[in-house]
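Read off the chains here:
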Amino acid sequence: MRIDGTREEDRATERVLDYYAAFNRGDWAAMLALLDDAVVHDLNQGPRETGRDAFDAFLQRMARCYREQLRDIVVMVSPDGRRAAAEYVVHGEYLADDEGLPRAHGQRYVLPGGAFFELGPAGIARVSNYYNLQDWLEQVGA
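Residues numbered from 1 in each chain as written. Predicted model: local features only at pLDDT ≥ 70, side-chain atom pairs only at ≥ 80, totals over all residues. Heavy atoms only, no water.

**Re the nonpolar core**
Inference 1: Counting 39 residues, the largest nonpolar core has Tyr19, Tyr20, Phe55, Phe117 and Trp136 as the members making the most contacts within it.
Inference 2: The element best represented in this core is helix H1 (residues 8-25), accounting for 6 residues.
Inference 3: Tyrosine 19 has contacts with Met31, Leu34, Leu35, Phe55, Phe117, Ile124 and Val127, leaving out every residue within four places of it along the chain. (Core = buried A, V, L, I, M, F, W, Y, C linked by side-chain atoms within 4.5 Å. Buried < 20%, exposed > 50% of the residue type's maximum accessible area, 1.4 Å probe, protein only. Helix = DSSP H or I, 4+ residues; strand = E, 2+ residues; numbered from the N terminus. Contact = heavy atoms within 4.5 Å.)

**What about the layout of surface pockets?**
Inference 1: Reported here for the largest pocket is a volume of approximately 630 Å³.
Inference 2: If you trace the largest pocket, you find 32 residues lining it, with Asn44, Phe58, Met62, Asn129 and Tyr131 closest to the centre.
Inference 3: Here the lining of the largest pocket gets 5 residues from one element, more than from any other, and that element is helix H3 (residues 52-65).
Inference 4: Each residue belonging to the lining of the largest pocket can be placed in one class, and the counts come to 21 nonpolar, 7 polar and 4 charged. (1 Å grid on protein atoms, 1.4 Å probe; cavity = no way out; pocket = protein on both sides within 12 Å on 5 of 7 lines; lining within 4 Å. Points joined across faces, edges and corners; volume = space filled by probe spheres on them. Nonpolar A, V, L, I, M, F, W, Y, C, P; charged D, E, K, R; others polar.)

**A closer look at unusual backbone geometry**
Inference 1: Despite not being glycine, glutamine 45 shows a phi value in the positive range, around 50°.
Inference 2: Relative to the assigned elements, glutamine 45 resides in the loop between strand E1 (35-42) and strand E2 (48-50).
Inference 3: By relative accessible area, glutamine 45 is classed as exposed at 60%.
Inference 4: A positive phi angle, near 50°, is found at aspartate 72, a position not held by glycine.
Inference 5: Relative to the elements of secondary structure, aspartate 72 occurs in strand E3 (residues 66-77).

**A short note on the environment of glycine 92**
Inference 1: Relative to the helices and strands, glycine 92 resides in strand E4 (residues 83-94).
Inference 2: Sequence-distant contacts of glycine 92, that is, excluding residues within four places in its chain, are made with Arg67, Glu68, Gln107, Arg108 and Tyr109.

**A short note on the pattern of salt bridges**
Inference 1: The full count for this structure, using the stated rule, is 12 salt bridges.
Inference 2: With a shortest N-O distance of 3.3 Å, aspartate 27 and arginine 25 are connected by a salt bridge.
Inference 3: Between glutamate 118 and arginine 83 there is a salt bridge, and its shortest N-O distance comes to 3.9 Å. Taken as a pair, glutamate 118 in strand E5 (residues 107-120) and arginine 83 in strand E4 lie far apart in primary sequence, 35 residues in all.
Inference 4: Within this structure, Arg7, Glu9 and Asp10 form a network of salt bridges that share partners. (Salt bridge = Lys/Arg side-chain N within 4 Å of Asp/Glu carboxyl O.)

**Some words on H1**
Inference 1: Counted at 1.5 Å a residue, the expected span for H1 with its 18 residues is 26 Å, and the 26 Å between its end C-alpha atoms agrees.
Inference 2: Taken as a whole, H1 has its buried residues at Asp10, Ala12, Thr13, Val16, Tyr19, Tyr20, Ala22 and Phe23. (Expected span 1.5 Å × (residues − 1).)

Below is the structure:
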């Protein structure tokens, strides 16, 4: 079946793929534009943050500490287009120390990850990210 943009499922798939395309370009403004103002963001093994401003602060920290590209992205969406899941492989470089994590010195890593989304009429309402932190720690030499 082709994505033709006429079904809720197709539009949701396109929205998630647009989100990841913006991430891979480092286009934080485009990512933020896809989010609901009250977006809920569940950080991997971390707190829940709420709101576009909190998400923007997260993106700024990511830009300072990491250089990442997501590859092999697969998106699965519910027929009503309200929920989505994505699986991907992160190819990254740890650029600067991130609070509570080991010292950075340009370590490279390749890590499978995934996310769950809630999508609403005002944009992406929730993003919950998951990856294996222990795997990442081992790859960066912690």
